[in-house]
Amino acid sequence: MSLSSLSPEASSLKEALERFVSERCVPAEPECEAHVAKFSGPDRWTLPAVPPALETFKAEARSLGLWNLFLPRLIPDRLLSDSDGTSPSSTSPFAPPTYLSNREYGVLCEVMGRSPLAPEACNCSAPDTGNMEVLLQHGTREQQAKYLAPLLRGEIRSAFLMTEPDVASSDARNLECRLTKIAGEDGRTKYVLNGRKWWSTGAMDPRCKVALVVARMDYGQSSRPSADAARGTESREGSKRGDQTVVIVSMPHPGVTCVRPLTVFGYDDAPHGHAEVLLQDVELDESAVVLGEGRGFEIAQSRLGPGRIHHCMRSVGLAQRCYELMLERTFQRRTFGKYLHEHGSTRDAIADSKSDLEAARLLTLSCAEEIDRLGARGARDKIALIKVTVPELTSRVVDRAVQIFGGAGVSGDFPLARALVGLRSLRIADGPDAVHKQSLAKLELKKAKQRMHSRL
């Protein structure tokens, strides 16, 4: 079976998605950019700055069955009703028409990656997808009803707060944001959250109504978990990274201040964007804790495995679009008496780009297929491999396209410059290359030792 093969149902979805992206999303990009450009300063993070076309596209995607395609497992029936509770689960427009494997969704994700509008139009954009997966897998019924249901319906957006400005956050043990546990006199437990985060994607979005925050437990005057309980959790990933815990914070919150928007190579990505966030005495109760104290690292990793498939395949789709623009350009421009495609250096760039694209695509789909068979933990080596390799391969493709376009390539007239910025930042997002190379090398060395011992 080919890594790109699809079931008949998935193949129909892909055809519909290709039409939706090429005929609706891509042509609307200039209009949406022009709409946001009309706003300046703080107004760029207000509801009027959200392009009206997005809501139109979301409605179209739902009607076409292109909604929530990322979902890895069945949605509980109790979450499938409309916001007024009237829609039965059998006809809910918020469940995908078929549940795709990670590999099948990867194929469709490449199509979505061709336009920055498509993932949100299909309710398949980060960080919402990862947050929905966390709530679906680990959330309580109360958490799912309050936060997951409106996210599934596309009524709200969300943020994930982990990275911090004052420490090297690629090592989760460095996190300084504190979640202080306080035992009340009435026997009830409360938590107080304090810290500073940044690169909090979506925190300034006016539609953001919930944030998942990773913090370190501070037991203060409360008793720590018993020694027996601590020993019982030693095998958990979370215990290896200290006391990191994930809590849910309703947004906006009086104790949460978005200090400033952050730019990525000058782009602010408004009205969604990225923010530096100050958390001051944010009071929470036990219902805000996801899965349990000390389970933050485990939760963070569970959302990153499939999430990296999404990022990488969208990167392939974006690079493929830039590659196609590069090919067209070589037929349109002449230098030194020849069309660009007649020059040997241009043909080298085309051949190298095709090779890089195919390698990136097959590596990612191979990883997705392994996640389907073995789970994210069993595919850790390939997850680390694509995280390091695919952003670099796709960046090279776009960089060659920029070079072929010359001055036009670094302008805002074409999607190349923004694409290059996004792909470069992926080498840092979700952990820098060096961390994943180290993880991959450790796994390879472990396998080598096992092979050597088996021969003794």
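Above this note sits the structure.
Computed from a prediction, not measured in an experiment: that's the story for all the values here.

Caption draft 1: Quick peek at the state of the cysteines. Counting across every chain of the model gives 0 disulfides. With no disulfide of its own, Cys208 lies closest to Cys258 among cysteine sulfurs, the gap being 7.7 Å.

Caption draft 2: Fine view of the packing of helix α11 (residues 380–405) against helix α12 (residues 416–425). One way to put it is that α11 packs onto α12 with a least axis distance of 9 Å and a crossing angle of 155°. Classified by the angle between their axes, α11 and α12 sit roughly antiparallel to one another. The way α11 lies across α12 gives a crossing that is left-handed. Across from Pro391, Thr394, Ser395, Val398, Asp399, Ala401, Val402 and Phe405 in α11, the residues of α12 making contact are Leu416, Ala419, Leu420, Leu423 and Arg424. Residue classes in the contact of α11 with α12 are distributed as 9 nonpolar, 2 polar and 2 charged.

Caption draft 3: Inspection of the pattern of salt bridges at higher detail. For the coordinates displayed, the defined rule picks out 29 salt bridges. Glu29 is the salt-bridge partner of Arg321, the closest N and O atoms lying 3.0 Å from each other. Here Glu29 lies in helix α1 (residues 8–37) and Arg321 lies in helix α9 (residues 296–332), a separation of 292 residues in the sequence. Notably, a salt bridge pairs Asp381 with Lys447, separated by 3.0 Å at the nearest N-O pair. Residue Asp381 is found in helix α11, and its partner Lys447 is found in helix α13 (residues 433–454); the two are separated by 66 residues along the sequence.

Caption draft 4: Just empty space enclosed by the protein, in detail. By the definition in use, this model includes 1 cavity of 30 Å³ or more. Estimated volume of the largest cavity: approximately 40 Å³. The wall of the largest cavity is formed by Arg308, His311, Cys312, Ser315, Lys387, Pro391 and Leu426. Elements with a minimum of two residues in the lining of the largest cavity: α9 and α11. The leading source of residues in the lining of the largest cavity is α9, at 4 residues. The residue makeup of the lining of the largest cavity, split by class, is 3 nonpolar, 2 polar and 2 charged.

Caption draft 5: Highlighting unusual backbone geometry. Cis rather than trans, the peptide bond between Ala126 and Pro127 has omega equal to 0°. Tracing the sequence through the fold places Pro127 in the loop between α4 (118–121) and α5 (128–138). If you check the backbone angles, Asp281 has positive phi at about 50° while not being a glycine. Mapped onto the elements of the fold, Asp281 is located in strand β7 (residues 274–285).

Caption draft 6: Structural detail: the packing of aromatic side chains. Scanning the model with the defined rule gives 3 aromatic pairs in all. When the centroid spacing of 5.9 Å and the interplanar angle of 50° are considered together, the rings of Trp198 and Trp199 count as tilted. Note on Trp198: relative accessible area 24%, which makes it partly exposed. On the basis of relative accessibility, which here comes to 35%, the residue Trp199 falls in the partly exposed class. Taking the ring centre of Trp67 as reference, the NZ or CZ of Arg62 above it sits at 4.7 Å. The residue whose ring lies beneath Arg334 is Tyr339, and the NZ or CZ to ring-centre distance is 4.7 Å.

Caption draft 7: Spatial organisation of the nonpolar core. Counting residues in each nonpolar core, the largest one holds 87 residues, and the members touching the most others are Leu17, Phe20, Leu66, Leu69, Tyr105, Met112 and Cys122. If you look at the next biggest cluster of nonpolar residues, it comprises 28 residues, including Leu161, Cys208, Val213 and Ala215.

Caption draft 8: Structural context of the side chain of Arg361. Residue placement: Arg361 occurs in helix α10 (residues 344–378). Using a relative accessible area of 11% as the deciding quantity, one classes Arg361 as buried. Ignoring sequence-local partners within four residues, the contact set of Arg361 consists of Glu110, Met313, Val316 and Gln320.

Caption draft 9: View of helix α6 (residues 141–152). Along α6, the residues that are buried comprise Gln143, Gln144, Tyr147, Leu148, Ala149, Pro150, Leu151 and Leu152. Buried positions along α6 lie against α5, β1 (157–161), β4 (208–218) and β5 (244–250). Positioned one or two residues after α6, Gly154 has a phi angle of 75°, which is positive.

The rules behind the values
- Residues numbered from 1 in each chain as written.
- Predicted model: local features only at pLDDT ≥ 70, side-chain atom pairs only at ≥ 80, totals over all residues.
- Heavy atoms only, no water.
- Disulfide = S-S within 2.5 Å.
- Axes fitted to C-alpha atoms, helices over the stretch in contact; angles between N-to-C directions.
- Helix = DSSP H or I, 4+ residues; strand = E, 2+ residues; numbered from the N terminus.
- Parallel < 35°, antiparallel > 145°, perpendicular 65-115°, else oblique.
- Left-handed = near helix turned anticlockwise from the far one by under 90°.
- Contact = heavy atoms within 4.5 Å.
- Nonpolar A, V, L, I, M, F, W, Y, C, P; charged D, E, K, R; others polar.
- Salt bridge = Lys/Arg side-chain N within 4 Å of Asp/Glu carboxyl O.
- 1 Å grid on protein atoms, 1.4 Å probe; cavity = no way out; pocket = protein on both sides within 12 Å on 5 of 7 lines; lining within 4 Å.
- Points joined across faces, edges and corners; volume = space filled by probe spheres on them.
- Phe/Tyr/Trp six-rings, centres within 6.5 Å; stacked < 30°, edge-to-face > 60°.
- Buried < 20%, exposed > 50% of the residue type's maximum accessible area, 1.4 Å probe, protein only.
- Lys NZ or Arg CZ within 6 Å of the ring centre and 35° of its normal.
- Core = buried A, V, L, I, M, F, W, Y, C linked by side-chain atoms within 4.5 Å.

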